[in-house]
Amino acid sequence: MEKKNKKKKEMPNGLKIGIFTFIIVIVISLIGYGAYKLLADSSEEAPKVLKKNEVVISGYGIYIDDSDTDLYREEFNKLRDNLEGSSINFDDYASSVARLFVIDLYTIKNKINKYDIGGIDFVYDKALDNYKDNVTDTIYKYVEDNTNGDRTQQLPVVKSITVNNVEKQKYKIESENKEYDAYKFRLSWNYSVDLGYDTTGEVIVIKKDNKMYVVEKN
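Residues numbered from 1 in each chain as written. Predicted model: local features only at pLDDT ≥ 70, side-chain atom pairs only at ≥ 80, totals over all residues. Heavy atoms only, no water.

## Comments concerning the environment of Val-55
Rule in force here: A run of DSSP states H or I qualifies as a helix once it reaches four residues; a run of E qualifies as a strand once it reaches two. Both are numbered from the N-terminal end. Partly exposed residues are those whose accessible area sits between 20% and 50% of the maximum for their type, while under 20% is buried and over 50% is exposed, using a 1.4 Å probe and protein chains only. Should any heavy atoms of two residues lie within 4.5 Å, those residues are considered in contact.
With respect to the helices and strands, Val-55 occurs in strand E1 (residues 55-57). A relative accessible area of 32% places Val-55 in the partly exposed class. With near-sequence residues (within four places) excluded, Val-55 lies in contact with Ile-62, Tyr-63, Ile-64, Phe-76 and Arg-80.

## Some words on the packing of helix H2 (residues 70-83) against helix H3 (residues 90-106)
We apply this condition: Working convention: axes come from line fits to C-alpha atoms, limited for helices to the stretch in contact. Angles between N-to-C directions cover 0 to 180 degrees. Put simply, angles under 35 degrees are roughly parallel, angles over 145 are roughly antiparallel, angles from 65 to 115 are roughly perpendicular, and the rest are oblique. The handedness criterion is simple: a crossing whose near helix is rotated anticlockwise from the far helix by less than a right angle is left-handed, and one whose near helix is rotated clockwise is right-handed. Here the term charged refers only to Asp, Glu, Lys and Arg, the term nonpolar to Ala, Val, Leu, Ile, Met, Phe, Trp, Tyr, Cys and Pro, and the term polar to all other amino acids, Gly among them.
H3 packs onto H2 with a crossing angle of 155° between their chain directions and a minimal axis gap of 10 Å. By the angle class used here, H2 and H3 are roughly antiparallel. When the axes of H2 and H3 are compared, the crossing they make is left-handed. Counted together, Leu-71, Tyr-72, Glu-75, Phe-76, Leu-79, Asn-82 and Leu-83 of H2 and Asp-92, Tyr-93, Ser-96, Arg-99, Leu-100, Ile-103 and Asp-104 of H3 form the full contact between these two elements. For the contact of H2 with H3, a count of residues per class yields eight nonpolar, two polar and four charged.

## What about H2?
Inclusion rule: By this rule, a helix spans an expected 1.5 Å times one less than how many residues it contains. The arc in question is the one spanned by the directions pointing from the helix axis to the C-beta atoms.
Compared with an ideal rise of 1.5 Å per residue, which puts 14 residues at 20 Å, H2 spans 20 Å between its outermost C-alpha atoms and is within 8% of the ideal. Taken as a whole, H2 has its buried residues at Leu-71, Tyr-72, Glu-75, Phe-76, Leu-79, Asn-82 and Leu-83. For H2, the arc enclosing every buried residue in end-on projection is 125°, short of the 170-degree limit, so these residues lie on one face. Seen from the open side of H2, the exposed residues pointing more than 90 degrees away from its buried face are Asp-70 and Asp-81. Tucked inside the fold, the buried residues of H2 contact E1, strand E2 (62-64), H3 and strand E3 (158-173).

See below:
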């Protein structure tokens, strides 16, 4: 009795092509998603900076938190008393903004990383992006990350600040084609340890809608 050869049932060509196409689509999708995540992670330049126990001057967006120095807190409290009082002394308001801006900008020891930029509470919103780019590329360029609290890098802390001169003037913002009342402050400051950072500078503060904003720092 002859044995009959059993033929294997072959998968239809259409089904083969369908399965192969499905596998290719899945592989391409996984590769695409992986590439997207890699690019998204690498392009994320500014990790979120968490602050603790913030105290905010209501309506002004100016705050202190656990990381701020005694000098900053002292000036902050002066400003809060002024802004929350029965009437605002705008000359003192402008002076406090200039001082706080410099103290926060040049006190870098309490910053978590190069993107944790000081002074942003006081910068005019339309100038804020340029300000951030400039600071991260210059003053904060080599600030090491301290997310884990193990940074050993020496960084500056402003311990005193003085307004040496102030001039009232007009300041024109070209993009708005508008002039504002302004103050030009000449300041000097020193540090707990001199690490070679700036010790003098000029800050221009404008008054807009009864609020003060830093528009220029030289």
